[in-house]
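Letter by letter, the chains look like this.
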Amino acid sequence: MSDTIFSKIIRGEIPSHKVYEDDHVIAILDIAPLSKGHTLVIPKEPATTLHELGDDQAAAVGRVLPRIARAIMKVTGASAYNVLQNNGEAAGQAVMHVHFHIIPCVPGSDTGEGLDKEWNPTSPSQDELLEVGKQIKRLL
Ligand code: AMP
């Protein structure tokens, strides 16, 4: 757990465009949005990554994500959006306090089109899928 810019925002030590707050979660506008309305939903628990977040805090985030997404869609008029959640530097995480991006997808917009999606699928064999699936299942 670390003290990041998001902890300072949660404590009110630096300003933000806060759109939602409850006992466990805040949501703020991203300072460098990929599209208008790009919002960060941030649990107050200062976990670095999703897998370090407590169950109750994770549930608190899950409870408000749909409501915040609905508000963003209504305000921006976007009919599509991405929820992005980066964990670890290699995955593109820049702020080491777990957070969820809600990014409206607005093709052709001059205020940002949204997430630039590059998806490079691979072709594992059935045996490979079976094996990794078995290993994960065993831990759950
Ligand atoms: P990530 O790469 O998933 O860690 O994303 C971090 C996000 O935080 C980026 O989209 C930044 O633009 C955003 N960000 C960084 N500092 C601030 C801030 N002070 N207020 C709002 N958003 C911020």
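None of the values given here were measured: they were computed from a predicted structure. (Residues numbered from 1 in each chain as written. Predicted model: local features only at pLDDT ≥ 70, side-chain atom pairs only at ≥ 80, totals over all residues. Heavy atoms only, no water.)

Q: A description of the overall build of the chain should follow, citing residues and the corresponding values.
A: Within the chain one finds 3 helices and 5 strands. The principal-axis extents of the C-alpha atoms in the chain amount to approximately 50 × 40 × 25 Å. Counting the 140 residues in the chain, one finds 33% classified as buried. Summing over all exposed atoms, the chain offers an accessible surface of approximately 9200 Å²; the carbon and sulfur share of this is 56%. Across the chain, 13 positive and 18 negative side-chain charges occur, with their mean positions spaced 8 Å apart. (Helix = DSSP H or I, 4+ residues; strand = E, 2+ residues; numbered from the N terminus. Buried < 20%, exposed > 50% of the residue type's maximum accessible area, 1.4 Å probe, protein only. Areas by Shrake-Rupley, 256 points an atom, 1.4 Å probe, with all protein chains shown as cover. Lys, Arg positive; Asp, Glu negative; His and termini not counted. Charge placed at Lys NZ, Arg CZ, Asp CG, Glu CD.)

Q: Describe in detail a nonpolar patch on the surface, supporting the description with residues and values.
A: A contiguous nonpolar patch, built from Val132, Ile136, Leu139 and Leu140 and spanning about 490 Å² of accessible area, is present on the exposed surface. Mapped onto the elements, Leu140 comes out in the segment after α3 (126–138). (Patch = residues over 30% accessible without salt bridge, like charges linked within 9 Å, V, L, I, M, F, W, Y side chains within 5 Å. Salt bridge = Lys/Arg side-chain N within 4 Å of Asp/Glu carboxyl O.)

Q: Tell me about the site of the ligand, and name the residues and values.
A: Residues in contact with the ligand amount to 16 residues; listed here are only the nearest, Asp30, Gly92, Ala94, His99 and His101. In the model, an oxygen atom of the ligand is placed 3.0 Å from a nitrogen or oxygen of the Asn86 side chain. Within the backbone of Val95, one N or O atom sits 3.0 Å away from an oxygen atom of the ligand. Protein contacts shield 82% of the accessible area of the ligand, which totals 510 Å² for the unbound molecule. For the shell around the ligand, the secondary-structure elements that each account for two or more residues are α1 (5–10) and β2 (25–29). Here the residues of the shell around the ligand sort into 10 nonpolar, 5 polar and 1 charged. (Near = heavy atom within 4 Å. Polar contact = N/O pair within 3.5 Å; in protein donor to acceptor, adjacent residues only side chain to side chain. Nonpolar A, V, L, I, M, F, W, Y, C, P; charged D, E, K, R; others polar.)

Q: Outline the pattern of salt bridges, listing residues and values.
A: All chains considered together, the criterion is met by 6 salt bridges. Here Lys8 makes a salt bridge to Asp3, at a shortest N to O gap of 3.9 Å. Notably, a salt bridge pairs Arg11 with Asp3, separated by 3.0 Å at the nearest N-O pair. Salt bridges here are not isolated pairs; linked through shared partners, they connect Asp3, Lys8, Arg11 and Glu13.

Geometric descriptors of this kind do not, in isolation, establish any biological role.
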